[in-house]
Amino acid sequence: MLALLMLNILAYMTPNPDKTQIIIHLLSVISQNSAGQFFSSGHTNNWAVLVCTSRFWFNYRHVANTLSVYRSVKRLGIPDSHIVLMLADDMACNHRNPKPATVFSHKNMELNVYGDDVEVDYRGYEVTVENFLRVLTGRLPPSTPRSKRLLSDDRSNILIYLTGHGGNGFLKFQDSEEISNVELADAFEQMWQKRRYNELLFIIDTCQGASMYERFYSPNIMALASSQVGEDSLSHQPDLAIGVHLMDRYTFYMLEFLEDIHPASKTNMNDLFKVCPKSQCVSTPGHRTDLFLRDPGSVLITDFFGSVRKVELTMDAINLTDPIKQMEENPVNGEEQKEVYSYADQLPVSEIIHQKPKQKDWHPPDGFILGLWTLILLVFFKTYGIKHLKHIF
Amino acid sequence: MEAAHWLVLLMTLVPSSVPQPKDDFQEELVIRPLHSGDIYASFQFRTLWDTDFMRENKVSHYRLFPKSLGQVISKFSVRELHISFTQGYWRTMQWGQPFIPSPPGADFLRYATLPREIVCTENLTPWKKLLPCGSKAGLAVLLKSEKLFHSSFHSQAVHIRSVCQDWQCKTTSWELRQTVNSVFDLHNSGQAKREWSLFKMFSRTLTEACPLASSSKLYIDITDNPQGEQFELSPATSLLSQAVVLGDRRTFSVYDLTQETTFGSVRSLNLLIRWKSNEGEMLRPLLHAERYVAGYGLQTGEIHTLMYNNHPYRSFPVLLLDSVPWYLRLYIHTLSVTSKGKDNKPSYIHYEPSKDRVKPHLLEMLIQLPPNSVTEVTVQFERALLKWTEYPPDPNHGFYVGSSVISSLVPSTVAMDTNSTRERPLFSSFFPCKEESSYFVRIYTEPLLVNLPTPDFSMPYNVICLTCTVVAVGYGSLYNLLTRSFQIEEPNPGLAKRIANVIRKMRGVPPL
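Residues numbered from 1 in each chain as written. Chains lettered and ligands numbered in written order. Predicted model: local features only at pLDDT ≥ 70, side-chain atom pairs only at ≥ 80, totals over all residues. Heavy atoms only, no water.

A. Main features of the overall build of chain B. What chain B contains, in helices and strands, is eight helices and 25 strands. Against the globule reference of 24 Å for 512 residues, chain B gives a C-alpha radius of gyration of 35 Å, more extended than a compact globule. Based on the C-alpha atoms only, the size of chain B along its principal axes is roughly 135 × 85 × 60 Å. For chain B, with 512 residues in total, the buried portion stands at 48%. For chain B, contacts bridging at least 24 residues in sequence account for 75% of all contacts bridging at least 6. Of the roughly 26,900 Å² of accessible surface on chain B, 56% is carried by carbon and sulfur atoms. Charge separation in chain B, taken as the distance between the mean sites of 52 positive and 47 negative side-chain charges, equals 8 Å. (Helix = DSSP H or I, 4+ residues; strand = E, 2+ residues; numbered from the N terminus. Rg over C-alpha atoms; globule rule 2.2 N^0.38 Å. Buried < 20%, exposed > 50% of the residue type's maximum accessible area, 1.4 Å probe, protein only. Contact = heavy atoms within 4.5 Å. Areas by Shrake-Rupley, 256 points an atom, 1.4 Å probe, with all protein chains shown as cover. Lys, Arg positive; Asp, Glu negative; His and termini not counted. Charge placed at Lys NZ, Arg CZ, Asp CG, Glu CD.)

B. Molecular detail of the sheet that holds strand S10 (residues 286-288) of chain A. Residue and element names in this part refer to chain A. The strand order across the open sheet built from seven strands is S3-S2-S1-S4-S8-S9-S10, with neighbouring strands paired in mixed fashion. In this open sheet, the two edge strands, each paired with only one partner strand, are strand S3 (122-123) and S10. Both strand S1 (residues 45-52) and strand S4 (residues 156-163) contribute to a ladder of eight bridges, which runs parallel. Of the residues in S4, the one forming a bridge with Trp47 is Ile158. (Pairing = 2+ DSSP bridges.)

C. Spotlight on the state of the cysteines. All names here are of chain A. Across all of its chains, the model carries four disulfides over all chains by this definition. Between the sulfur atoms of Cys276 and its disulfide mate Cys281 the distance is 1.8 Å. What sets the handedness of the Cys276 and Cys281 disulfide is the S-S torsion sign, and at about 100 degrees it is right-handed. Judged by relative accessible area, which is 2%, Cys276 ranks as buried. A relative accessible area of 1% places Cys281 in the buried class. Here Cys207 stays unpaired: no disulfide links it, and the sulfur of Cys281, its closest cysteine neighbor, is 12 Å away. What makes Cys207 buried here is its relative accessible area of 18%. (Disulfide = S-S within 2.5 Å.)

D. Highlighting the interface of chain B and chain A. Each partner contributes residues to the interface: chain B has 46 residues there, and chain A has 40 residues. Across the chain B/chain A interface, buried area totals approximately 3,800 Å², and carbon plus sulfur atoms make up 57% of it. When the buried area of chain B at its contact with chain A is split by residue, Glu122, Lys170 and Pro393 of chain B rank highest and sum to 17% of it. Counting the contacts that link chain B with chain A gives six salt bridges. Our count for the contact surface shared by chain B and chain A stands at 15 residue pairs in polar contact (both at pLDDT 80 or more). Elements represented by at least two residues in the side of chain B that touches chain A include exactly helix H4 (121-129), helix H5 (145-148), strand S6 (153-164), strand S16 (316-324), strand S19 (348-352) and strand S23 (405-411) of chain B. (Buried area = accessible area lost by both parts, 1.4 Å probe. Salt bridge = Lys/Arg side-chain N within 4 Å of Asp/Glu carboxyl O. Polar contact = N/O pair within 3.5 Å; in protein donor to acceptor, adjacent residues only side chain to side chain.)

E. Representation of the pattern of salt bridges within the structure. Residue and element names in this part refer to chain B. Applying the stated rule across the entire model yields 35 salt bridges over all chains. For Glu232, the salt bridge goes to Arg274, with nearest N and O atoms at 3.5 Å. Pair noted here: Glu232 is in strand S10 (residues 231-234) and Arg274 is in strand S13 (residues 272-275), with a separation of 42 residues, a long-range link. Among the residues examined, Arg274 registers a relative accessible area of 34% and is labelled partly exposed.

F. Empty space enclosed by the protein, seen in detail. All names here are of chain B. Evaluation of the coordinates by the stated rule reveals 10 cavities of 30 Å³ or more. A volume near 170 Å³ is recorded for the largest cavity. Lining the largest cavity are 15 residues, and of these Val245, Leu246, Met416, Ser428 and Phe431 lie nearest its centre. When residues are assigned to domains, the lining of the largest cavity turns out to be shared by domain 1 (23-275) and domain 2 (287-414 + 432-450), each giving three or more. (1 Å grid on protein atoms, 1.4 Å probe; cavity = no way out; pocket = protein on both sides within 12 Å on 5 of 7 lines; lining within 4 Å. Points joined across faces, edges and corners; volume = space filled by probe spheres on them. Domains from an automatic or database assignment.)

G. Representation of the sheet that holds strand S5 (residues 112-114) of chain B in the model. All names here are of chain B. One open sheet accounts for 10 strands, arranged S5-S4-S3-S6-S7-S2-S1-S9-S12-S11; its pairing is mixed. The open sheet is flanked by S5 and strand S11 (240-245), the only strands paired with a single partner. Mean inter-strand twist for the sheet, computed between neighbouring axes without regard to direction, equals 20 degrees. In this structure, S6 lies alongside strand S7 (residues 172-184), joined through 12 bridges in antiparallel fashion. Across the sheet, the residue bridging to Phe153 is Val183, located in S7. Packing of H4 onto the sheet brings it into contact with strand S2 (39-49), strand S3 (81-87), S6 and S7, and relative to S6 it is tilted by some 30 degrees. (Axes fitted to C-alpha atoms, helices over the stretch in contact; angles between N-to-C directions.)

H. Structural context of the side chain of Asp221 of chain B. Residue and element names in this part refer to chain B. Tracing the backbone shows Asp221 in strand S9 (residues 215-221). Residue Asp221 is classed as buried on the basis of its relative accessible area of 5%. There is a polar contact of 2.6 Å between the side chain of Asp221 and the side chain of Thr223. Here Asp221 is in contact with Ile31, Arg32, Pro33, Phe231, Arg250, Thr251 and Phe252, once residues within four sequence places are set aside.

I. Spotlight on the packing of aromatic side chains. One pass over the full model with this rule turns up 34 aromatic pairs over all chains. Consider the rings of Trp192 of chain A and Tyr197 of chain A, whose centres lie 5.5 Å apart with planes at 50 degrees: the pair is tilted. Overall, Trp192 of chain A belongs to the partly exposed group, its relative accessible area being 25%. Among the residues examined, Tyr197 of chain A registers a relative accessible area of 2% and is labelled buried. Here Trp95 of chain B and Phe153 of chain B contribute two aromatic rings whose centre-to-centre distance is 6.3 Å and whose plane-to-plane angle is 65 degrees, an arrangement assigned as edge-to-face. In this pair, Trp95 of chain B is assigned in helix H3 (residues 92-95) and Phe153 of chain B in strand S6, connecting sequence segments 58 residues apart. Of the residues examined, Trp95 of chain B reaches a relative accessible area of 3% and is grouped as buried. (Phe/Tyr/Trp six-rings, centres within 6.5 Å; stacked < 30°, edge-to-face > 60°.)

J. Expanded view of the environment of Gln94 of chain B. All names here are of chain B. As for its placement among the helices and strands, Gln94 is situated in helix H3. Judged by its relative accessible area of 46%, Gln94 is partly exposed. As for Gln94 and Phe184, which are separated by 90 residues in sequence, their C-alpha atoms are 13 Å apart.

K. Looking closely at the pairing of strand S21 (residues 373-383) of chain B. All names here are of chain B. Relative to S21, strand S15 (residues 300-309) is paired through 10 bridges, and the arrangement is antiparallel. Note that in S21 the partner of Asn309 across the bridge is Ser373. Where strand S17 (residues 328-339) meets S21, eight bridges bridge the pair, whose relative direction is antiparallel. Residue pairing across strands places Arg329 opposite Glu382, the latter belonging to S21.

L. Quick peek at the domain arrangement of chain B. Residues and elements named next belong to chain B. Segmentation of chain B into domains returns domain 1 (23-275) and domain 2 (287-414 + 432-450). Between the C-alpha centres of domain 1 and domain 2 the distance comes to 29 Å. Contacts between the two partners involve 20 residues from domain 1 and, on the opposite side, 28 residues from domain 2. Summing the contributions of domain 1 and of domain 2, the shared interface buries around 1,900 Å²; its carbon and sulfur component is 61%. Linking domain 1 with domain 2 are one salt bridge.

M. Representation of the packing of helix H4 (residues 60-75) of chain A against helix H7 (residues 249-259) of chain A in the model. All names here are of chain A. Viewed as axis vectors pointing N to C, H4 and H7 meet at an angle of 15 degrees, and their least axial separation amounts to 10 Å. Here H4 lies roughly parallel to H7, going by the angle between them. In this structure, the crossing between H4 and H7 has a hand that is left-handed. Here Asn65, Ser68, Val69, Arg71, Ser72 and Arg75 of H4 lie close against H7, whose contacting residues are Thr251, Met254, Leu255, Leu258 and Glu259. When grouped by side-chain class, the residues that make up the contact of H4 with H7 number four nonpolar, four polar and three charged. (Parallel < 35°, antiparallel > 145°, perpendicular 65-115°, else oblique. Left-handed = near helix turned anticlockwise from the far one by under 90°. Nonpolar A, V, L, I, M, F, W, Y, C, P; charged D, E, K, R; others polar.)

N. Up close: the confidence of the model for chain A. The predicted model of chain A has a mean per-residue pLDDT of 84, with 83% of residues at 70 or higher. Taken together, the stretch residues 14-33 of chain A has pLDDT below 50 and engages in 13 contacts with residues farther than four places along the chain or on a different chain. (pLDDT = per-residue confidence, 0-100.)

The structure is reproduced here in structure tokens:
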């Protein structure tokens, strides 16, 4: 019983030809109604792209914002292999950090959002507009490792979280370049046309954040921002020991809201829209749902923030495929290994001193070719007479 | 009878398993108390595997050796791999020689260094996942990032190479060593007394050895403390071990974690080192080096490398490798090597000039260092102006030049052990020894930070603003003058006049 349950859970998490056979076999056993209910939410896997675009120590709060969303998303079930985390600067091991290897979200150092098990995919100078757009659209060079790719398909729900300094229609990357809302909207349209997402939740915590989602035109996108056009997003509170502001208000209250969510909770998006009203946030958070097909009240928080697997119990027995035969090991070669190995000399001084200089390519001496041609011409004209000259010139 | 039948059936059903190549895992921690009161802790985790990655039959069953590394080795036919991540600079004069040297930043073999890489928990996490026991049992439980990164020096490395299986060396096996070297600062950790314990250093104590390890040991260096006059060690142990490491015979107290008795009645080992006196001199290292940039301004400069030979009467050769980025244009005709004021011609010089934006300078020299002397290598350079898109987002921080690598065979005071396959602690068997009279040492100098001439990046914005303002004001005024026609307008009359005008209009009289 338990084994079947585990098999189910494993089957979803690891695509494997043998195991997909089991799923198909299993589904045919269950009645058709529950199969429809199985896939009602429309997505089968979850991804998250979390980006912090600011560099320098005084932008500590942006890294803390991103790490707290990372923490919540991991806690609710999305594994590291499905999270692309981009941090433009290192705060935890920064030499100005009085407590190394920690990033705190609350003063009095209550919650270390950096934690002990963190995998950052893009760090430092690698966080650029180009890399961000390449991750979204999937147009990466073939040598890029898996952890740096967004390998989503048309059944993936993707959460995209951006934080940093922004303005009306743009977001600043590392104090040297910007991404505009038009570029972002076009990137999402590319993703839609390549069928790289099923539904997309876009959250942005910057000044005038609502301007970034104004230009979206692809379907199935829901967007949240921490402030309207013309308003600034404010930070929450400074910590006197660390010396900088620790978090932004919108993400701070969103983190508080997410700490109450667990994988089985049924809270929906309407509750997320109510996070951080003007009294707490000072700015007015905004949201946009006109491109989204489903009603926000029916969308669960865990559809985007968590990775909830549907599990069906069954009482029927299943025939597994034949046991895997171990490959026959090639018989060890009869002939003995004649070669004897030895350690190379660490510093072979005598060899270095008495090295023969490398053979350089031989070139003829300077002017040789010119002299040769002059000689040939002279001999020619001597033999055949100077009158031929006028035929040439 | 029935049961025997079933047993036989079961046995035949199990596919015949081919004996897997032997693999072995050892872990050890060496703690060396330093004279300043700091502590040097060196972890080594070694996995030996008698297999051949280069065979046609792919290796498919991984037990102790991590699969991710094994696949990389067989796919790219790797023969040797050394990669290290280091935070901080190793101070040879205060701390002596490290067991495993490494330059600041990230280092790959000798030639590729990234001096500015910051090492943090995000680098330690995947490193710990390569260990057979992970960070859950054995010595790796001590690797907690909050304490480990709060240190003066921290280095984690992965070394993969082939080693001889026995003294005949007809077959080789693959060795994977994962090392962590860390120096904990007395003052940094906010302690009043000169006292160290495992709990203070790592915020954890040891409770068990890794079950997959064939040997799990803890060594404390007590060479400077034969009668216990410098520091006191508790709990006491009777196991002692001697080893010749880095040209010196050292004595160690050994705690064997595979024995139950090591943990005592409380089932946990919390080693305590309490300092008693401040006296005692550290052995001066025979070779150490410094490097700095001299000069002024943003156009030219000079790199000085100083190498100190502290041996009273022996001289030894030193191989200096410098890899300078292309944007510092070295003038090799100004290269000079002087020892004790006199010119010291290197026995061998190899120089590969740089190509702009393609490859850096490579300078390699074999220099004989005279006894008890300072050798100075100087070379002048000019700073290049980069294209404005090539500057990083924070160009005013400066640009890093990687450490110089100095490899040398230093004469040893004690006879070194040349038998490479005898059972020895891991820390003494890292560099194989070929001769008894000298040992191999590699030291790294400081990385350099140079400022390149940086343009003012706000210039394009300023120029656009100014030009647009001038054009708008100038052209706009001219356009207005040429195309607008001017009319005289009566000023608005007062209220009394307006009422009077209305009455006049009614009367049919012209207004005021």
